[in-house]
Amino acid sequence: MKLIVAEKPDQGRTLASVFKMKKREGFIEILPNEIFPEGAYVSWAIGHLTELSAPEHYNPSWKKWSLGTLPIIPENFKYEVVKSKAKQFQIIKKLATDPQVSEIIHAGDAGREGELIIRNILRLANCTKPMKRLWISSLTPKAIKEGFQNLLDEADTKNLYFEAYTRACADWVVGMNASRLYTLLLQKKGYSDVFSVGRVQTPTLALIVKRELEIENFVSEPFWEVLAKFNINGKKYSGKWEKDGDSRIKTKEMAEKIAAFCDGKSAEAAEVISEKKEFLPPLFYNLSAIQAEANRRFKMSPKKTLDILQGLYQRGIVSYPRSDSRYVTPGEAEGFPAILNKLQANPDYQQLFPLPNSSIQNNKRYVNEKKVTDHYAIIPTEQVPNLSRLSGDELKLYDLLARTLIAAHYGPYIAEYTTIKTVVEGRAEFISKGKVQLDEGWKKVLPQKDSDKEPELPAVQQGETGTVLKSEVKESKTQPPKRLTEGQLITLMKTAGKHIEDKELEKVLMKAEGLGTEATRAGIITMLKDRAYIEVRKNLVYATAKAKILVAAVGGQVLASPEMTAKWEQRLHQIGEGEASPKQFIEQTSKMIKHLVAETSEGSSGWTFSEELTNAFVPGKKGGRSRRTTNLGKCKKCDGMVVDKGTFYGCSNYQKTKCNFTLSKQILGKTVTQKNIKKLLTEGSTDVIEGFQSKDRTFNAKLYWDGEDSKLKFDIAAQPVNQGG
């Protein structure tokens, strides 16, 4: 008899569902069949059943956070069972040691973390029985049966276990030491909070803070543009003045002179260039790509996207979601006709059939075995569901995957892009751009939000002449860098190699596909939220004062740079290939941490932080209550005091009287500091705050409380502007 150990309960139940079976407590008994003549047991982990031991389990003195105990580096790392999951561990251990069980089938997720989870359980259970490896990319009945009939040898994936184990131990060394180090040193500076530091989370945070500071420090400058409307031989269109490819004019006077010169003058279509462009259908999705797309289309967080896809995968509806490939193998492509036939039967997709291309079997854009790593792209399986039984969010993601597969069988989207250079009086040049769709192609299947909003231009011939109907000056301001969405943050993590100056390391990190893995990026973003380093409001990512303080303290250390991750991922990959030593890797990590502790402790005396950053700092919560409840001033609605609530300022009497007086901490892109709130509550208004950003302008203003309207308002040059309630 064999014991199959899956990574999650749903996964285990799905693996067993293709056979006749009996449910037991914590496991399932598969009855004898062709694949398992003696039957089998199926049990499961609940994610990570084991964890690396806490510092005090190695040395009791390591329990207390003290600079004197650093660095904390165990001689040998220990794993232990997670207390809350001990019952399930005992069930697996009992089955693994059952004399009837002669072989173990490792059925964890087909990746390095899945490898680690199951092998650690068996190691702690002292199980030394022969082992085989189930390695599949979908949980359809067909894939499950084929997987069990083509099991890998235990040795085929053992190096992946060494890779994952080494990564976990090295991350423990970095996290335990660096987190304690920066927490204790920053506490000396008056910042009483826990500052978590990690190999992936900290360089990711540094990229976010870099963007935040670029936005905050951006100084908007005015510029002017000249727009003109033309009548060329009876054909009307608009254009924008340009010189050497730049339409921005530095002074209003110069812009007005150009506009005055052009108004009513003769004009000639001096150059007309038309270019036909073809856009191929999009590639299939890997996890990062669909997380970014789902965030763009549906404002869905990366974690939610992964959770939904994992659920669909465990029900056999889509393939393995943590894939890093956007291609499929020829074997998978052979199954497309069957999947498409089932999709065609659905009313939502019927109008998209028949397909312009009946097969993409030989299309290297999608079918390329050399570009498939451990798993192929995320695609619908032959187990096409009844769409009415999917939840709203499940349907959104499934529909996106289904339409992407259908779109791959369509032709390119074709459009003609036209540029007209119109010259006024032989001197002033205006550029007009337009687009005409020639063939909708795959966009019939996957409607896109067109980024190019060029209007359709009339059929103007080069050399035709006419006049300027009207010319006018438009005033604008330079805009700061755009704030990242969660989806863009996933993409930024994936392309972090672009931020490395060393070209060799850049290649390594780009090959490793950036910071984190397909499986971990969403978790890193969630961790940054949970640890109060970032806030996500209306799908936009904001770095908190806590994040800026940590990144400023870390400074130029490798912990804040993608370089370290590049080197680590290169070496970890070599361990996974059996080409590098895990022991040597841990030794090098330990040396790096010893150097970090010594250098940072010495250099911390020179750390300085601005008053604004200090005032904006909000400690995390402990035991459900804020660690710092400084009274900022008297409440405007009752006799309570206004305190810092984390993401806003509010009345201390809320719990007693439900007083709902609140003041926003973020207003039109600016953080309102504790210092300014104190001033507002005691003196009636804040200092002048520079850089408020409305839709059409940037302005400086004081904030004041209007008692009659019970609203916070702006005071711009003594003229208040209502900000709303």
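Just so we're clear, the structure is a prediction, and the values are computed from it rather than from any experiment.

Looking only at helices and strands, the protein chain features 21 helices and 29 strands. Principal-axis analysis of the C-alpha atoms places the extent of the protein chain at approximately 95 × 70 × 55 Å. Buried positions account for 50% of the 725 residues belonging to the protein chain. When contacts within the protein chain are restricted to residue pairs at least 6 apart in sequence, long-range pairs at least 24 apart make up 71% of them. When the accessible surface of the protein chain is totalled, it reaches about 35,200 Å², and 48% of it is carbon and sulfur. Across the protein chain, 110 positive and 89 negative side-chain charges occur, with their mean positions spaced 6 Å apart.

This part is about the nonpolar core. Judged by nonpolar contacts, the single largest core of 73 residues is most densely connected at I4, L15, F148, F284, V328, F336 and I406. Top contributing element to this core by residue count: helix α12 (residues 392–407), with eight residues. Other than its neighbours up to four places away in sequence, F284 contacts R326, V328, F336, I360, Y366, A377, I379, T404, L405 and A408. The next biggest cluster of nonpolar side chains, apart from the first, holds 69 residues, and it includes V174, M493, L515 and I593.

A few words now on the side chain of H409. Its location among the elements puts H409 in the loop between α12 and β13 (413–424). Note on H409: relative accessible area 1%, which makes it buried. In terms of polar contacts, H409 uses its side chain to reach the backbone carbonyl oxygen of L405, at 3.0 Å. Beyond its immediate stretch of four places on either side in the chain, H409 contacts F336, L340, L355, P356, N357, S358, S359 and I360.

Inspection of the entire model under this criterion finds two cavities of 30 Å³ or more. The calculated volume of the largest cavity comes to roughly 60 Å³. Looking at side-chain class alone, the lining of the largest cavity contains seven nonpolar, two polar and one charged residues. One number sums up the size of the second largest cavity: a volume of about 30 Å³. Lining the second largest cavity are I208, R211, E212, R483, L484 and V541. Looking at the lining of the second largest cavity, its residues break down into three nonpolar, no polar and three charged.

Within strand β4 (residues 40–44), five of the five residues are buried, leaving the element largely enclosed by the surrounding structure. Along β4, one buried face is formed by A40, V42 and W44 and the opposite face, lined by Y41 and S43, is buried too. Looking at chain direction, strand β1 (residues 2–6) and β4 are connected through five bridges and run parallel. Its bridge partner lying in β4, I4 is registered against V42. Judged from the four bridges that link them, strand β3 (residues 27–30) and β4 form a sheet pairing that is antiparallel. For I28, the partnering residue across the bridge sits in β4 and is V42.

In this section: the packing of helix α17 (residues 562–576) against helix α18 (residues 582–603). α18 packs onto α17 with a crossing angle of 160 degrees between their chain directions and a minimal axis gap of 10 Å. By the angle class used here, α17 and α18 are roughly antiparallel. When the axes of α17 and α18 are compared, the crossing they make is left-handed. Only P582, Q584, F585, Q588, T589 and M592 of α18 make contact with α17, whose side of the interface consists of M564, W568, R571, L572 and I575.

On inspection of all chains with the given rule, the structure shows 40 salt bridges. E683 is the partner of K679 in a salt bridge, and the nearest nitrogen-oxygen pair spans 2.8 Å. Of the two residues, K679 and E683 both sit in helix α21 (residues 674–683), four residues apart, roughly one turn of that helix. You can call K679 partly exposed: its relative accessible area is 23%. Assessed through its relative accessible area of 58%, E683 is described here as exposed. Linked by salt bridges that have partners in common, E115, R119, R133, E154 and K158 make up one network.

Here we take up the confidence of the model for the protein chain. Taken as a whole, the protein chain shows an average pLDDT of 90; of its residues, 94% reach a score of 70 or greater. Low confidence marks residues 622–628, where pLDDT is under 50. Its contacts with residues over four positions away, or in another chain, come to eleven contacts. The low-confidence segment residues 718–725, where pLDDT is below 50, has 15 contacts with residues more than four positions distant or belonging to other chains.

It is at 10 Å that the axes of helix α6 (residues 201–216) and helix α16 (residues 545–554) come closest, and there the two elements cross at 110 degrees. Between α6 and α16, the crossing angle belongs to the class labelled roughly perpendicular. Residues L205, A206, V209, E212, L213 and E216 of α6 touch α16, and the partners they reach there are A547, K548, L550 and V551. Residues that form the contact of α6 with α16 fall into these classes: seven nonpolar, no polar and three charged.

Before going further, it helps to examine the pairing of strand β17 (residues 540–543). Across four bridges, the pairing between strand β16 (residues 534–537) and β17 is antiparallel. Counterpart to V536 in the pairing with β17 is V541.

Now for the sheet that holds strand β10 (residues 222–232). The antiparallel closed barrel is built from six strands, whose spatial order is β10-β11-β14-β13-β12-β15. Put simply, the sheet's adjacent strands are angled 35 degrees from each other on average, direction ignored. As paired elements, β10 and strand β11 (residues 235–241) share six bridges and run antiparallel to each other. Across the sheet, residue L227 finds its bridge partner in β11, namely K240. The strands that helix α7 (residues 252–262) touches are β10, β11, β13, β14 (428–439) and β15 (465–477); relative to β15, the one it contacts most, it runs at about 165 degrees.

Structurally, E115 can be placed in helix α3 (residues 112–124). At 2.7 Å, the side chain of E115 forms a polar contact with the side chain of R119. Here the side chain of E115 touches T157 through a polar contact of 2.9 Å, side chain to side chain. Beyond its immediate chain neighbours, meaning those up to four positions away, E115 contacts H106, D109, R133, W135, T157, L160 and Y161.

Criteria and thresholds
Residues numbered from 1 in each chain as written. Predicted model: local features only at pLDDT ≥ 70, side-chain atom pairs only at ≥ 80, totals over all residues. Heavy atoms only, no water. Helix = DSSP H or I, 4+ residues; strand = E, 2+ residues; numbered from the N terminus. Buried < 20%, exposed > 50% of the residue type's maximum accessible area, 1.4 Å probe, protein only. Contact = heavy atoms within 4.5 Å. Areas by Shrake-Rupley, 256 points an atom, 1.4 Å probe, with all protein chains shown as cover. Lys, Arg positive; Asp, Glu negative; His and termini not counted. Charge placed at Lys NZ, Arg CZ, Asp CG, Glu CD. Core = buried A, V, L, I, M, F, W, Y, C linked by side-chain atoms within 4.5 Å. Polar contact = N/O pair within 3.5 Å; in protein donor to acceptor, adjacent residues only side chain to side chain. 1 Å grid on protein atoms, 1.4 Å probe; cavity = no way out; pocket = protein on both sides within 12 Å on 5 of 7 lines; lining within 4 Å. Points joined across faces, edges and corners; volume = space filled by probe spheres on them. Nonpolar A, V, L, I, M, F, W, Y, C, P; charged D, E, K, R; others polar. Pairing = 2+ DSSP bridges. Axes fitted to C-alpha atoms, helices over the stretch in contact; angles between N-to-C directions. Parallel < 35°, antiparallel > 145°, perpendicular 65-115°, else oblique. Left-handed = near helix turned anticlockwise from the far one by under 90°. Salt bridge = Lys/Arg side-chain N within 4 Å of Asp/Glu carboxyl O. pLDDT = per-residue confidence, 0-100.

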